[in-house]
Amino acid sequence: MNTTRRDFLKLSTLAATIQIPRLEKSGRVSGVSSAKTPTILLRSSWNDNNIGDIGHTPGTLRLLERHIPDAQIILWHAQPRPVTEALIARNFPKVKIVHGAFFNQDEGLQGELKTAFGQADIYIHNSGMSMNYGLFNYEWTGTMANLAPFYYCIENNIPFGLYGQSFDKFAPPSLSLYRDVLSRASFIYCRDTESVKFLKENKFKTPIIEFGPDGCFGIDVRDEARGLAYLRQAGLEEGRFLVVVIRTNTPHLNAAGKGDMMNPAPTPEQQEQDALRLGKVRELINSWVTTTGMNVLIAPEALKETKYARTMLYDKLDERIKAKVVCRETFWSADEAMSVYARAHTMFGMEPHSLIMGLALGVPVVHARSLKHGRKGWMFRDIGVPEWLFEIDQDSSSDITGAVLSIYKDYKTAKVKAQKAMDVVKSRQKETMAIVQKLAMV
């Protein structure tokens, strides 16, 4: 029986699950020829209005650049992302960006995107939670837009994988479709171990289904000029402010009140939920200012919160506390945010990606997540800081505030915890990139 390239890659990947290849000092995988310059096609950059969706891209690009330095990297944006693309141009000048939908009515793959797939030695779908059906909606177009490139890879013997995904729901009849396609991937790296369990319980047969941190953990880009200028303007002193990031049940600012799949027009129940959640955040801010005497920066992870953070949180603070609180009302890109977060004492967030950026910078963090946002919050437990993970609707205000103040009271220990968590992340990054390199070099 003839062995196809696809069969060979399958066997190669299966072997990798038994023994991770040894990396030489150069970053190459031992035993892999250095003659080939691999081409990696990365699909990423889901949104310019959320610094987490921006941050996935420079994070994963940095990992690929560091661990596979000879690779040619092509970044695919289905839609133009001007903010992200400007950041990539500043920090990754060798990366080529291509645009285009994989299909459009009667039109199939064409143009620069078709050329990119023709050049690719491996295709990677970057971090997120796009491989779900029924979690936020029951719309098939988005599902097929994500899965169609995988089928193309199968037909054209291009190995493919998912990097730093979380999985939460496969409503009928989607499970059979997802299981069929993704079982033929070379790897699925889940950013939380609960997603690993979920896939295995649903009998996915992918050769590698393992924990692999969100790509945003690789981020190291900064805009020091903008960041330092903002700190001066805001009167924030390095090492002497708490960053607070919120998430509300509110629509995008351009949604005309209608909302979308993740930001619906709030129901009365959701408005009450916001009030309870932000009441806990107000108590945290009050206690921080009273106990430490330090400032607070209410920072936006999503564009929409530049409005709602003021009207729903800042404006409701006591005047005495307001004097120590800055509410940023302009949005920013991930590199400016990184330059500000690098000077924070501690960070608290209802969103995870600003906290990922903080940990990447060595800043202690506390995450109070909503269970509605899926399994991704478990990543903080999985990297070794379960005491910094809370459920905003179930855990008490005193418990959440207590965790933040515990960091303040024993800051040296907290900094060590943050470093150890990143040591776990970096170890997995090295191992996962070794597999990507091995597949790309075949």
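Quick note: structure is the one above.
Below is a short write-up of the structure.

Parameters at a glance
- Residues numbered from 1 in each chain as written.
- Predicted model: local features only at pLDDT ≥ 70, side-chain atom pairs only at ≥ 80, totals over all residues.
- Heavy atoms only, no water.
- Phe/Tyr/Trp six-rings, centres within 6.5 Å; stacked < 30°, edge-to-face > 60°.
- Lys NZ or Arg CZ within 6 Å of the ring centre and 35° of its normal.
- Helix = DSSP H or I, 4+ residues; strand = E, 2+ residues; numbered from the N terminus.
- Core = buried A, V, L, I, M, F, W, Y, C linked by side-chain atoms within 4.5 Å.
- Buried < 20%, exposed > 50% of the residue type's maximum accessible area, 1.4 Å probe, protein only.
- Contact = heavy atoms within 4.5 Å.
- Pairing = 2+ DSSP bridges.

1. Here we look at the packing of aromatic side chains
- Evaluated as defined, the whole model comprises 20 aromatic pairs.
- Joined through ring pairs, the aromatic side chains of Trp76, Phe102, Phe117, Tyr123, Phe150, Tyr152 and Phe160 make up one cluster.
- Above the ring of phenylalanine 198, the side-chain terminus of arginine 375 is found at 4.3 Å from the ring centroid.

2. Digging into unusual backbone geometry
- The residue after proline 172, namely proline 173, is reached through a cis peptide bond having omega 0°.
- With respect to the helices and strands, proline 173 occurs in the loop between strand E5 (160–165) and helix H6 (174–182).
- The phi dihedral of serine 45 is positive, around 65°, even though this residue is not glycine.
- Relative to the assigned elements, serine 45 resides in the loop between strand E1 (39–43) and helix H2 (51–67).
- Of note, the phi angle at asparagine 157 is positive, near 55°, even though the residue is not glycine.

3. Some words on the environment of threonine 115
- Mapped onto the elements, threonine 115 comes out in helix H4 (residues 111–119).
- It is 9.6 Å that separates the C-alpha atoms of threonine 115 and valine 98, two residues lying 17 residues apart in sequence.

4. Remarks on the nonpolar core
- Core analysis: the largest hydrophobic core is formed by 98 residues, its most contacted members being Ile285, Tyr341 and Phe348.
- Broken down by element, the residue count for this core peaks at 10 residues, all from helix H16 (residues 411–441).
- Not counting chain neighbours up to four residues away, the residues in contact with phenylalanine 348 comprise Leu242, Val243, Val244, Val245, Val281, Leu284, Leu355, Val366, Ala368, Ile400 and Val404.
- Formed by 35 residues, the second largest nonpolar core is a distinct cluster that contains Ala116, Tyr133, Ile154 and Phe204.

5. What to know about the pairing of strand E4 (residues 122–125)
- Judged by which residues are buried, E4 turns out to be covered on both faces: Ile122 and Ile124 on one side and Tyr123 and His125 on the other are all buried.
- Where E1 meets E4, 4 bridges bridge the pair, whose relative direction is parallel. Counterpart to leucine 42 in the pairing with E4 is isoleucine 124.
- In this sheet, E5 lies alongside E4 in parallel orientation, the contact comprising 3 bridges. Residue tyrosine 123 lies in a different strand from E5, and its bridge partner there is phenylalanine 160.

6. A closer look at the environment of methionine 347
- The residue methionine 347 is located in strand E11 (residues 346–349) in this model.
- Among the residues examined, methionine 347 registers a relative accessible area of 0% and is labelled buried.
- With residues up to four places along the chain from it excluded, the contact list for methionine 347 reads Leu242, Val243, Tyr341, Ser354, Leu355, Gly358, Val363, Pro364, Val365 and Val366.

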